[in-house]
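# Coordinates in review
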Amino acid sequence: MADYQPNVVLSTKEFKVVGSRPIRHDGADKVTGRAQYGADIQLQGLLHGKILRSPHAHAKIKSIDASKALAMPGVHAVVTSADWEQPSGKVEDLAEGSIHNLRFMSNNVLAYDKALYKGHAIAGVAADSPHLAEEALAAIKVDYEVLKPVVNFRDALKDDAPILHERLQSLSNPGLRAGGYKPDDDTSKGTNLANKFEFKMGDIEKGFQESDVIVEKETNTSAVHQGYIEPHTGTAQWNTDGSLTVWSSTQGHFNVRDLMSRLLGMPVSKIKVIPMEIGGGFGAKGIIYSEPVAALLAKKANRPVKVTMSRTEVFEASGPTSGTNVRVKLGATNDGKLLAAEAHLTFESGAFPGSPVPGGCNCIFSPYDIPNTYLEGIDVVVNKPKSAAYRAPGAPAAAFAMETAIDELCEKLGMDPIEFRLLNSAKEGTRRATGPLMPYVGFVETLTAAKEHPHYSAPLEGPNRGRGVASGFWGNGTGPASAVAIVNSDGTVNLVEGSADLSGTRVAFAQQAAEVLGIAVEDIKPSVGDTESVGFTSNSGGSGATFKTGWACYEAAQDVKRQMIARAAKIWDISEDNVEYVDGVLQHKSDPELKLTFRQVAARQNATGGPITGHAGVNPGGAGPVIATHIVDVEVDPDTGKVTILRYTAVQDVGKAIHPGYVEGQIQGGAVQGIGWGLNEEYFTNDQGVMMNSTFLDYRMPTSLDLPMIDTVIVEVANPNHPFGVRGVGEVPIVPPMAAISNAIHAALGVRLDRLPMSPGVILEALWEKEGK
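As the structure is a computational prediction, the values presented were derived from the model and not from experiment.

## Structural notes on the overall build of the chain
Scanning the chain from terminus to terminus reveals 20 helices and 28 strands. In terms of C-alpha radius of gyration, the chain reaches 27 Å, essentially the compact-globule figure of 28 Å for 773 residues. Judged by the C-alpha coordinates and their principal axes, the chain covers about 85 × 75 × 50 Å. Within the chain, buried positions represent 62% of all 773 residues. Contacts spanning at least 24 positions in sequence make up 79% of the contacts within the chain whose residues lie at least 6 apart. Of the roughly 28600 Å² that the chain leaves accessible, carbon and sulfur atoms contribute 50%.

Structure, rendered in C-alpha cells:
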C-alpha cells in the first residue's frame, strides 16, 4: 500500500530515557508464568469460597436456611448479610459516588432484604474444595417472593414501575453523583430516578434561533462488559493479633483497604492489602466484590479463604457499563460555526445509583467551542448489575451521539468533517459546557495530524465501502500517590510505588526516575508496594497513574539526587553549591577533575552518612485533558450485514510518550475495544432481567482475525503541568470508534445507525427500511 504509514511519533522534545522503548521489568515473569495473579495465592489451610446468587432479577428475601449446608462434612462456614451490621445508607454517608454509600456498597456485596439483579450475592460458603463449596450452595434454601423487574430506564421511570429502593430519594445537587436514603419519617413513594442535574451556558434558545442548520439525533446503547481475562478474586486471612491480610486483584489496593475498613468496622491500620498481578481491569476493578465475603468467611472458619468468580459470575454479578439513551440537538451557521448544542443523557446505573452519566456530560461537548449549551444528566436504577467504570466512563456513549450528529451536520453543510472540527475546536481558554476553562491542549494539532495523515486522503474504491471520522475527549485524572527510592550499594535503585500495574506502568515509572538520576532504566528495580510498604496511592484509573505516580517517582528521585550531591560535597569537603549533577555524574563546578559517578557515591553511602533513600508523596493538579481523532475504512456486505474493518488510524495527543511502545499499545487496545462495542458486544437481557449470553462463547468480542493493524499517530503537545509533559493515555482511545464506524457505514450504505451494537441484524434492518421507503 503506497500510502501506508506505520506507527508514528510526532515528538517535540527529546530526553535520554523518557521517550525510549526499554523492555519492561516484569515481562519475563509474565511470559514464563512466574508472575503471581490473584487466584495463584496458596496458603496453609486455605479454604475455597463460593457465593450463592439470586436466580431472580427482583425478589424479596423472606428467609435463608443454611442448616443443611453447615451439616455437610468439609463445610466450615456460611455467611450472609446478617454477619455484618447493616449501615444506614443516609445521605451523609455519601463519598465519591453512590456505590461508596456504605449501605449500597455492602448491599451489593451481600444482599439484605431484596435481590436486585440476577446474580446478586445472597450467601457465601467456605469448604475444603471448590466442588464441595458448590454442593453446599445447592443445599442452602432461600425463600423468595419474586417481584416484577424493571430492565430498562423507560420502564423504570413509569409512574407504576416497581421500585428497587423504597427509601431512595432523588437528589438534584450536581455535586452528588446519585441518591441516598430518605429520612425515616419520609413516607412518600420511592423512586427509580436516582439523580438528575443540568448545566446551562449562554442563551440556548437564541443560539438555535440564529442557527441556519439544525440537526437532532437520538441514540441508544446496550450495556457492555470490559472483558478482562482475569476474573475477580480475593483471599483473606485473619492474624492472631486480630488484623486482616487480603490478597487482591485490584486497580487500587489502598481503596480495597479503605472500603474493607468501612464495611468491617476496623481501622485501616489493622488491614493489610497485598496487590497481586492483575489480568486486566479497564476501570472495573476499582471496587470490591469477593474480598469482603472472603474476610467474613475466614473469620467464621478461622482459616484463610479464597473467593474467585467464574466467568458467568463476572458477567452477571460485576459491573458492566451502562445502557444509555442520548438525545442531541446541534445548531450551526451556513459557514459551519457551531452556535448551540443541547443534550439529554439518560444512563442506567444498574441496581444501585451512580452511573457514569456525569462523565458523559463532562465529555460530550468538550472538544468544541460552543457558546450556547444545555446539558441534562439522568441516573436511573434498574434490575441489572451495578454499573462500573469502563475506560473513559460515560464518554463513549456520549460521543456516539455527538460525533454522528456532527457528521450529519457536515453532510448538510457540505463541509469536510475534519475541517469542521478544526473550525470549532476548543482551545486554551475555551469555556466548557460544564464550567471549567480549557487548559493548554493539543486539539488543533491532533486534528491537523489526522487531516495530513495519508490515510485520510487515500483513495477508497469499490462498492459498499466508506470512510468515517470521529473525535473523542477525556479529562484525565490524578490523585494522591507515593513512591520510595532506595539506593543500593551497587548503584541500582529499588523503586517502590503504590499504583497497581495494569499496563506496563512499572517501566514508565522507572523511566521517569532514571531520567532524573541520569542512570540506565535497567538499574531501576520497580515494584508495587502493599499498603504497609508505601504511602497512600489512589486507584490506577482515570488515565492518571503515569501522571501522578510518575510524578511521585520523579520527586523521590529528586530527593535521592539532593542527597547524592550532599554526599559528594561531604567527600570533597566543599559546599553543596559547588557540586553539580549531570547525567549521573557528580562533579566539582570549578575543578572538573573531581568527579564521582552515581555508582561510586552509592558504594560509599554508609560511610558518608548512612543509607540514601528518597521519599515522595504528591497530589498533583493539572492532569491535562486529551483528544483523539480516529479514521476508519469499512466494507459492508449488503446481503449479510457484516462489517469488515479495512483500515484504522488513531491519532492522539499524549503530552509526552514516556514509553512509546506501550502508548501505542494503549491506543490500539482502546480502539479495538471500541470496535467491539460498536459492532458486536452487548448484554442480551430478557424481560425477566436474565442475561442470555454470559460466556465468552456467546458474548462476542473481536479477535485479531477480525481486525487490521491499528495504526497510531502519537501527537506530543506537552502538558505544562508535568515535569515531562505527560498526559493520560489509556482511556480516550475507546471514545471515537463507535461513532467513526457508524459514520463510515453511512458513507458506504447511505443509512444512519443510531444504536449499538451495529450488528449484522441491525444493519440489515436499516437497509430494508431504506429500501421500503
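Picking up after the structure, the text goes on.
## Digging into the sheet that holds strand β6 (residues 121-127)
The strand order across the open sheet built from 7 strands is β4-β6-β2-β13-β10-β11-β12, with neighbouring strands paired in mixed fashion. At either end of the open sheet lies a strand with only one pairing partner, and these are β4 (75-79) and β12 (271-275). Across this sheet, the average inter-strand angle for adjacent strands is 20°, counted without regard to direction. Packing of helix α4 (residues 130-139) onto the sheet brings it into contact with β2 (47-53), β4 and β6, and relative to β2 it is tilted by some 30°.

## What about helix α7 (residues 253-264)?
Every α-helix winds through 3.6 residues per turn, so residues three or four apart in the chain are directed the same way. An ideal rise of 1.5 Å per residue puts 16 Å on 12 residues; α7 measures up with 16 Å between its terminal C-alpha atoms. Among the 12 residues that make up α7, 9 are buried, leaving the element largely enclosed by the rest of the structure. For α7, the set of buried residues is His253, Phe254, Asn255, Val256, Arg257, Leu259, Met260, Ser261 and Leu263. In the core, the buried residues of α7 are packed alongside α3 (102-109), β11 (244-248), β12, α8 (290-301) and β20 (524-528).

## A closer look at helix α13 (residues 443-452)
Turning to α13, its buried residues number three or more, namely Phe443, Thr446, Leu447, Ala449 and Ala450. Seen from one end, α13 has its buried residues packed into an arc of 160°, which puts them on one side.

## Regarding the side chain of His588
Mapping His588 onto the fold places it in strand β22 (residues 585-588). Within the structure, His588 has its side chain in polar contact with the backbone nitrogen of Asp591 (distance 3.3 Å). Setting aside anything within four residues of it in sequence, one finds His588 in contact with Trp572, Ile574, Asn578 and Leu594.

## With respect to the environment of Gly319
On the secondary structure map, Gly319 appears in the loop between α9 (311-317) and β14 (324-332). Residue classification places Gly319 among the buried positions, given a relative accessible area of 0%. The spatial distance from the C-alpha of Gly319 to the C-alpha of Lys386 is 5.3 Å, given a sequence separation of 67 residues. In this structure Gly319 touches His225, Gln226, Ala284, Tyr289, Lys386, Ser387 and Ala388, once residues within four positions along its chain are discounted.

## Some thoughts on the nonpolar core
If you look at the biggest cluster of nonpolar residues, it comprises 60 residues, and the most contacted ones within it are Ile645 and Ile745. Counting residues per element, the ones that place at least two in this core are α11 (395-413), β17 (465-474), β25 (626-636), β26 (643-653), α18 (660-679), β27 (710-715), α19 (737-749) and α20 (760-772). At 8 residues, α19 tops the list of elements feeding residues into this core. Those residues in contact with Ile645 that sit more than four places away from it in its chain are Val632, Asp633, Val634, Ile675, Leu679, Leu707, Pro708 and Ile741.

## Thoughts on unusual backbone geometry
Note: most residues except glycine have negative phi, and most peptide bonds are trans. In this structure, Pro757 follows Leu756 across a cis peptide bond, with omega equal to 0°. Counting through the fold element by element, Pro757 comes out in the loop between β28 (755-756) and α20. The phi angle at Ala392 is positive, at roughly 55°, despite the residue not being glycine. By secondary structure assignment, the location of Ala392 is in the loop between β16 (372-381) and α11.

## Quick word on the pattern of salt bridges
Following the criterion strictly, the structure yields 35 salt bridges and no others. The salt bridge partner of Lys30 is Glu277, with a shortest N-O separation of 3.4 Å. Residue Lys30 is located in helix α1 (residues 27-32), and its partner Glu277 is located in the loop between β12 and α8; the two are separated by 247 residues in the primary sequence. Relative accessible area serves as the criterion here: at 24%, Lys30 is assigned to the partly exposed category. Arg727 serves as the salt-bridge partner of Asp653, at 3.2 Å between the closest nitrogen and oxygen. Highlighted residues: Asp653 in strand β26 and Arg727 in the loop between β27 and α19, separated in sequence by 74 residues. Neither Asp653 nor Arg727 differs from the other in exposure class; each is buried. When salt bridges that share partners are traced, they join Arg24, Asp26, Lys30, Glu277, Asp501 and Arg506 into one network.

## Section: the sheet that holds β17
Pairing in this open sheet of 5 strands is mixed, and the strands run β1-β27-β26-β25-β17 from one edge to the other. Two strands bound the open sheet, and with one partner strand each, they are β1 (8-10) and β17. Strand-to-strand twist in this sheet, taken as the mean axis angle between neighbours without regard to direction, amounts to 15°. Two elements, β25 and β26, share 9 bridges in a ladder whose sense is antiparallel. Bridge assignment links Ala628 to a residue of β26, and that residue is Gln652.

## A short note on the confidence of the model for the chain
As a general rule, the predicted coordinates of low-pLDDT regions are not to be interpreted in detail. Per-residue confidence for the chain gives a mean pLDDT of 95; residues scoring 70 or more make up 95%. Low confidence marks residues 91-99, where pLDDT is under 50. Its contacts with residues over four positions away, or in another chain, come to 28 contacts. Throughout residues 172-178 the model reports pLDDT below 50, and contacts reaching past four residues in sequence, or to other chains, amount to 24 contacts.

## Details of the packing of helix α15 (residues 505-517) against helix α16 (residues 545-572)
Each pair of packed helices can be described by the angle between their axes along with the distance between the axes. Between α15 and α16, the shortest axis-to-axis distance is 8 Å and the interhelical angle comes to 35°. As α15 runs across α16, the sense of the crossing is right-handed. Note on element contacts: α16 touches α15 through Ala545, Thr546, Thr549, Gly550, Trp551, Cys553, Tyr554, Ala557, Gln558, Val560 and Lys561, opposite Thr505, Ala508, Phe509, Gln512, Ala513, Val516 and Leu517. In terms of residue class, the contact of α15 with α16 is made up of 11 nonpolar, 6 polar and 1 charged.

## As for the packing of aromatic side chains
By the definition in use, this model includes 12 aromatic pairs. Ring plane angle 85° and centroid distance 5.3 Å describe the contact between Phe15 and Phe724, whose orientation is recorded as edge-to-face. In this pair, Phe15 sits in the loop between β1 and α1 while Phe724 sits in the loop between β27 and α19, placing the two residues 709 residues apart along the sequence. Overall, Phe15 belongs to the partly exposed group, its relative accessible area being 21%. Overall, the relative accessible area of 8% leaves Phe724 in the buried class. Note on Phe315 and Tyr699: the rings are 5.0 Å apart at their centroids and 45° apart in plane angle, and the pair reads as tilted. One end of the pair, Phe315, is in helix α9; the other, Tyr699, is in the loop between α18 and β27, with 384 residues separating them in the sequence.

## Some details on the pairing of β22
With 4 bridges connecting them, strand β21 (residues 579-582) and β22 associate as antiparallel partners. Across the sheet, residue Val582 finds its bridge partner in β22, namely Val585. Where β22 and strand β23 (residues 595-597) come together, 3 bridges link them in antiparallel fashion. Each bridged residue has a counterpart across the sheet, and for Leu586 the counterpart in β23 is Leu596. Taking the residues between adjacent antiparallel strands as the criterion, β22 and β23 are bridged by 6 residues.

## Let's talk about the state of the cysteines
The full count for this structure, using the stated rule, is 0 disulfides. With no disulfide of its own, Cys361 lies 9.5 Å from the sulfur of Cys363, the closest cysteine sulfur.

Calculation criteria
- Residues numbered from 1 in each chain as written.
- Predicted model: local features only at pLDDT ≥ 70, side-chain atom pairs only at ≥ 80, totals over all residues.
- Heavy atoms only, no water.
- Helix = DSSP H or I, 4+ residues; strand = E, 2+ residues; numbered from the N terminus.
- Rg over C-alpha atoms; globule rule 2.2 N^0.38 Å.
- Buried < 20%, exposed > 50% of the residue type's maximum accessible area, 1.4 Å probe, protein only.
- Contact = heavy atoms within 4.5 Å.
- Areas by Shrake-Rupley, 256 points an atom, 1.4 Å probe, with all protein chains shown as cover.
- Pairing = 2+ DSSP bridges.
- Axes fitted to C-alpha atoms, helices over the stretch in contact; angles between N-to-C directions.
- Expected span 1.5 Å × (residues − 1).
- Arc of directions from axis to C-beta.
- Polar contact = N/O pair within 3.5 Å; in protein donor to acceptor, adjacent residues only side chain to side chain.
- Core = buried A, V, L, I, M, F, W, Y, C linked by side-chain atoms within 4.5 Å.
- Salt bridge = Lys/Arg side-chain N within 4 Å of Asp/Glu carboxyl O.
- pLDDT = per-residue confidence, 0-100.
- Left-handed = near helix turned anticlockwise from the far one by under 90°.
- Nonpolar A, V, L, I, M, F, W, Y, C, P; charged D, E, K, R; others polar.
- Phe/Tyr/Trp six-rings, centres within 6.5 Å; stacked < 30°, edge-to-face > 60°.
- Disulfide = S-S within 2.5 Å.

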